[in-house]
Amino acid sequence: MIKSPSRTTLLVSATIAVVAIGTLYSCSTSAANDNVLVGNAASKVYVAPGKYDEYYAFFSGGFNGQIMVYGLPSGRLLKFVSVFSQNPETGYGYNEETKPMLQTTYGSIPWDDTHHPELSQTDGVPDGRWLFINGNNTPRVARIDLKTFETTEILQIPNAAGGHASPFTTPNTKYIVSATRFSVPIPNTDVPIDSYKQNFKGTLSFITADQPGKMDIAFQILMPGFNYDLGHAGKGPSDGWFFFTTYNSEQAYQKLELNASQNDKDFIAAVNYRQAEQCVAAGKAKTAPAEYFHNFMDEKSRVARSERKSSVKMLNPQDCPGVVYYLPTPKSPHGVDVDPTGEYIVAGGKLATVIPVHSFSKMLKAIADKQFDAEVQGIPVLKYNSTLAGEVQKPGLGPLHTEFDGKGNAYTSMFISSEIVKWKLGTWQVLDRMPVYYSVGHLMIPGGDSKKPWGKYLVSLNKITKDRYLPTGPELAQSAQLLDITGDKMKMLLDFPTIGEPHYAQAIPADLIKGNSQKFYKLAENSHPFATKAEADGGIRRQGKNVHINMIAIRSHFAPDNLEGVQVGDTVYFHVTNIEQDWDIVHGFGVLGADNAEVIIAPGETRTLRWIPKSTGIYPFYCTDFCSALHQEMQGYVRVSAPGSTVALKANVSERAKSQTARAQALPMHHEAAGAANGSR
Ligand code: K7E
Ligand code: CUA
């Protein structure tokens, strides 16, 4: 989404009559605060020390390529999950085991732009098994396992550029989708940009997602060269359909700000994916060249592997009549959201003056009655009035995204007028509005895009923070706001900062996840090729210029901890196994002068730091995670000699370290103290 106020102002002046947007940012926030803070807001978000939050909330990190996990209602940050970006905090993307996760046909890409966390669903309700998220820049989708809160799988999306309408799920997570934001030549090739109308196309990808480790492109649908923005699956009566917003039906390729805002209406593409499945099964899709990577973490070795794929099934709608219809929708729509009953399809026409709502049952009837206005490249365009259920009049300015409370109400974010608007499904009446600070993008209700929303809280994910927090230089933390939506009127409860740019978030009752959370990896099942399962098994080995060091970490030593025989010109691999079998006993490993991050090693797993020493000398290494009372003693040395030196390869397993184990175990550990406190809840 749009970030800078100046861009907003341009948009507004170009397309919508005079809005005094300046007042948006200059009005007194403290006065506004006094108006919206009602009663006992503080007690509603207070989670006493040692108590757990009610919900897990997963926020995308936007341009940091990660996911933030928060507790709600407290707004306490619990964790970053590394997804598409290298993260020195965990060693993700730096250690040898996870590097393959970032593999693409463009090489290893250590960054992406995450927008939409999406929880897996069973029968249209979030189930807490997995979380998916899209990479917007180099189109990818990732699976996060909610037992371990780790990225376990990444699939690159071929024939696409800008994976924005992604990774929205079908009601049983059979598929997640990814639609191309930017149209490009398919297959991508060197053509004049001004040949856009002839050569540029869009694609909609349906990705099998219900088998962990086996994500793949089930099929792609070749679409006209518009921009595809967002999507949501049908549910209940509309199960089997998928809805995508498009903008730039003008097919502009320069100055889109103006040139893609000409048409009064763009489209929602309604896709009958069950019919697409049948057409693919009947051989109506072509096998199209498509180079892409599938990367996944092996569960037992915890080593990621990459496989390269080379084709997809590409379905042209002209070869499968009835698979796609266009629903005219004003104006440059952004969000498309399906209500819990599956009947209403709500569009966020970001430049529209109303919120248009389509009816699924009217759409089916209009299709049966052939209520077509036109055709775009073989895709029938339905008449606007034939599918329209209603319009929310005067909702505010810049409607973007809508979620639902499960009680017949819808909540829409208004970017330009900077508010959340509550309205009634069926009557289309505005019931309430709440100013938010400032310029909300997505909003989120736990389960609010599903069949059964947990309609207690709403989070407003604001784009602009201005004056909400202590200033921190030119860039401020983003601002999220928590609202109570249990009553007729929304109540503002809490501001809390978020990092990067969380476009969207999803949340789920903590009970659906917390009991499944894994405490450690079983050492006995560790099938890593360089696992060291006992102290006596450590050692050093040379294979030509490669030196492999097998090492264990346990409170509070590494073994071996003295290593000799390494030479300048060698590539050294420290394979460190954490042989602890206890919750939250994590060790780290860093070495002097390494042009790499540390590795962090969870109990029972093996992680490998690659190191190329550049000069002779003695190099200390140490544990980077304060694991025990004698954490500062958790260190060792590597001796690096000149090329061709006669210093023999040598690794000790020191007696000193062994005796320290005994001492350390006799001392109280901070981790154990914390563990005991949690256990006593
Ligand atoms: Cu509206 Cu990328 Cu979903 Cu930003 S997107 S807000
Ligand atoms: Cu291990 Cu600090």
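Quantities reported herein were computed from a predicted structural model and do not represent experimental measurements. (Residues numbered from 1 in each chain as written. Chains lettered and ligands numbered in written order. Predicted model: local features only at pLDDT ≥ 70, side-chain atom pairs only at ≥ 80, totals over all residues. Heavy atoms only, no water.)

**Considerations on the overall build of the protein chain**
Reasoning step 1: Check the secondary structure of the protein chain and you find 11 helices and 46 strands.
Reasoning step 2: Dimensions of the protein chain along its principal axes, counting C-alpha atoms only, are 85 × 60 × 45 Å.
Reasoning step 3: The burial tally for the protein chain puts 59% of its 681 residues in the buried class.
Reasoning step 4: Within the protein chain, contacts between residues separated by at least 24 positions form 64% of all contacts whose residues are at least 6 apart in sequence.
Reasoning step 5: About 25,900 Å² of surface is accessible on the protein chain, with carbon and sulfur atoms providing 53% of the total.
Reasoning step 6: Mean positive and mean negative side-chain charge positions of the protein chain (64 and 65 charges, respectively) differ by 2 Å. (Helix = DSSP H or I, 4+ residues; strand = E, 2+ residues; numbered from the N terminus. Buried < 20%, exposed > 50% of the residue type's maximum accessible area, 1.4 Å probe, protein only. Contact = heavy atoms within 4.5 Å. Areas by Shrake-Rupley, 256 points an atom, 1.4 Å probe, with all protein chains shown as cover. Lys, Arg positive; Asp, Glu negative; His and termini not counted. Charge placed at Lys NZ, Arg CZ, Asp CG, Glu CD.)

**Considering the pattern of salt bridges**
Reasoning step 1: In this structure the tally under the stated criterion is 29 salt bridges.
Reasoning step 2: Close ionic contact of K174 with E277 constitutes a salt bridge, the shortest N to O distance being 2.9 Å. Placement of the pair is K174 in the loop between β10 (163-165) and β11 (175-180) and E277 in helix α7 (residues 273-281), with a sequence separation of 103 residues.
Reasoning step 3: Between R308 and E291 there is a salt bridge, with its nearest N and O atoms 2.9 Å apart. Linking R308 in strand β19 (residues 304-315) with E291 in strand β18 (residues 286-297), this pair joins segments that are 17 residues apart in sequence.
Reasoning step 4: Its relative accessible area of 40% is what places E291 among the partly exposed residues.
Reasoning step 5: Via salt bridges that share partners, E150, R302, E605 and R607 belong to a single interconnected network. (Salt bridge = Lys/Arg side-chain N within 4 Å of Asp/Glu carboxyl O.)

**What to know about the state of the cysteines**
Disulfide: a covalent bond connecting the sulfur atoms of a pair of cysteines.
Reasoning step 1: Here the structure, examined in full by the defined rule, presents 1 disulfide.
Reasoning step 2: Covalently, C279 is tied to C320 through a disulfide, its sulfur atoms 2.0 Å apart. Classification of the bridge connecting C279 and C320 rests on its S-S torsion, roughly 80°, and on that basis the disulfide is right-handed. Highlighted residues: C279 in helix α7 and C320 in the loop between β19 and β20 (324-329), separated in sequence by 41 residues.
Reasoning step 3: We classify C279 as buried; its relative accessible area is 7%.
Reasoning step 4: Owing to a relative accessible area of 0%, C320 belongs among the buried residues under this scheme. (Disulfide = S-S within 2.5 Å.)

**Description of the layout of surface pockets**
Reasoning step 1: The calculated volume of the second largest pocket comes to roughly 580 Å³.
Reasoning step 2: For the second largest pocket, the lining is made up of 24 residues, of which D145, D298, E299, K300 and Q518 are closest to its centre.
Reasoning step 3: If you list the elements that add at least two residues to the lining of the second largest pocket, you get β8 (140-145), β9 (150-156) and β18.
Reasoning step 4: Of the residues in the lining of the second largest pocket, the class split is 6 nonpolar, 7 polar and 11 charged. (1 Å grid on protein atoms, 1.4 Å probe; cavity = no way out; pocket = protein on both sides within 12 Å on 5 of 7 lines; lining within 4 Å. Points joined across faces, edges and corners; volume = space filled by probe spheres on them. Nonpolar A, V, L, I, M, F, W, Y, C, P; charged D, E, K, R; others polar.)

**Observations regarding helix α8 (residues 360-368)**
Reasoning step 1: Within α8 the residues assigned to the buried category are F360, M363, A366 and I367. Projected down its long axis, α8 carries its buried residues within an arc of 115°, all on one side. Exposed side chains of α8 directed beyond 90 degrees from the buried face belong to K365 and A368.
Reasoning step 2: Once α8 finishes, K370 follows within two positions and takes phi at roughly 50°, a positive value. (Arc of directions from axis to C-beta.)

**What to know about the side chain of H401**
Reasoning step 1: If you trace the backbone, H401 turns up in strand β27 (residues 399-404).
Reasoning step 2: Within the structure, the side chain of H401 is placed 3.2 Å from the side chain of H442, a separation counted as a polar contact.
Reasoning step 3: Setting aside its immediate chain neighbours within four residues, H401 contacts L230, H334, G335, D337, Y411, T412, S413, G441, H442 and L443. (Polar contact = N/O pair within 3.5 Å; in protein donor to acceptor, adjacent residues only side chain to side chain.)

**Let's talk about the site of ligand 1**
Reasoning step 1: By nearness alone, 11 residues border ligand 1, and H115, H116, H164, H442 and H503 come closest of all.
Reasoning step 2: Of the residues assigned to the shell around ligand 1, the class counts are 2 nonpolar, 8 polar and 1 charged. (Near = heavy atom within 4 Å.)

**Here we look at the pairing of β19**
Reasoning step 1: In the sheet, strand β14 (residues 216-223) pairs with β19 via 2 bridges, with the strands oriented parallel. Its bridge partner being in β19, Q220 is matched across the sheet by M314.
Reasoning step 2: Both β18 and β19 contribute to a ladder of 10 bridges, which runs antiparallel. What sits directly across from P289, in β19, is S311. (Pairing = 2+ DSSP bridges.)

**Things to note about unusual backbone geometry**
Reasoning step 1: Between P330 and the following residue, K331, the backbone shows a cis peptide bond with an omega angle of -25°.
Reasoning step 2: With an omega of -5°, the peptide bond between R555 and S556 qualifies as cis.
Reasoning step 3: Examined against the element boundaries, S556 turns out to sit in the loop between β37 (546-554) and β38 (557-559).
Reasoning step 4: Residues other than glycine seldom take positive phi values, yet W428 does so here, at roughly 65°.
Reasoning step 5: Relative to the helices and strands, W428 is located in the loop between β29 (419-424) and β30 (430-435).
Reasoning step 6: You can call W428 buried: its relative accessible area is 13%.
Reasoning step 7: Phi at K466 takes a positive value of approximately 20°, unusual for a residue other than glycine.
Reasoning step 8: Here K466 lies in the loop between β32 (457-462) and β33 (478-484).

**A look at the confidence of the model for the protein chain**
Reasoning step 1: With 90% of its residues at a pLDDT of 70 or more, the protein chain shows a mean pLDDT of 92.
Reasoning step 2: Of the regions scoring below 50 in pLDDT, residues 1-35 engages in 52 contacts with residues more than four places distant in sequence or in other chains.
Reasoning step 3: When the criterion is pLDDT under 50, residues 656-681 qualifies, and its contacts beyond four places in sequence or with other chains add up to 34 contacts. (pLDDT = per-residue confidence, 0-100.)

**Examining the packing of aromatic side chains**
Reasoning step 1: The tally for this structure, following the rule as stated, stands at 37 aromatic pairs.
Reasoning step 2: Between Y175 and F206 the ring centres are 5.9 Å apart and the planes differ by 85°, which places this aromatic pair in the edge-to-face class. Linking Y175 in strand β11 with F206 in strand β13 (residues 200-208), this pair joins segments that are 31 residues apart in sequence.
Reasoning step 3: Grouping aromatic residues by their ring pairs yields a cluster made of Y175, F206, F219, F242, F244 and Y273.
Reasoning step 4: Its end group placed over the ring of W130, R143 keeps NZ or CZ at 4.5 Å from the ring centre.
Reasoning step 5: Note that K519 overlies the ring of W583, its terminal NZ or CZ placed 4.9 Å from the centroid. (Phe/Tyr/Trp six-rings, centres within 6.5 Å; stacked < 30°, edge-to-face > 60°. Lys NZ or Arg CZ within 6 Å of the ring centre and 35° of its normal.)

**Topic: the sheet that holds strand β31 (residues 440-444)**
Reasoning step 1: Pairing is antiparallel across the open sheet formed by 4 strands, whose spatial order is β31-β32-β33-β34. Taken across any chain shown, the strands that pair with only one partner, and hence form the sheet edges, are β31 and β34 (491-498). Shown here is a sheet whose adjacent strand axes are inclined to one another by a mean of 25°, direction ignored.
Reasoning step 2: Pairing of β31 with β32 involves 3 bridges; the strand directions are antiparallel. Residue L443 lies in a different strand from β32, and its bridge partner there is S460. (Axes fitted to C-alpha atoms, helices over the stretch in contact; angles between N-to-C directions.)

**Points about the nonpolar core**
Reasoning step 1: The biggest cluster of nonpolar side chains holds 32 residues, and the ones touching the most others in it are L204, F206, I221, M223, F242, F244 and Y326.
Reasoning step 2: For this core, the element with the highest residue contribution is α7, accounting for 4 residues.
Reasoning step 3: In this structure M223 touches K201, G202, L204, Y228, A269, P317, V324, Y326 and I379, once residues within four positions along its chain are discounted.
Reasoning step 4: Counting 26 residues, the second-largest nonpolar core is a separate cluster that includes I540, L563, V599 and M634. (Core = buried A, V, L, I, M, F, W, Y, C linked by side-chain atoms within 4.5 Å.)

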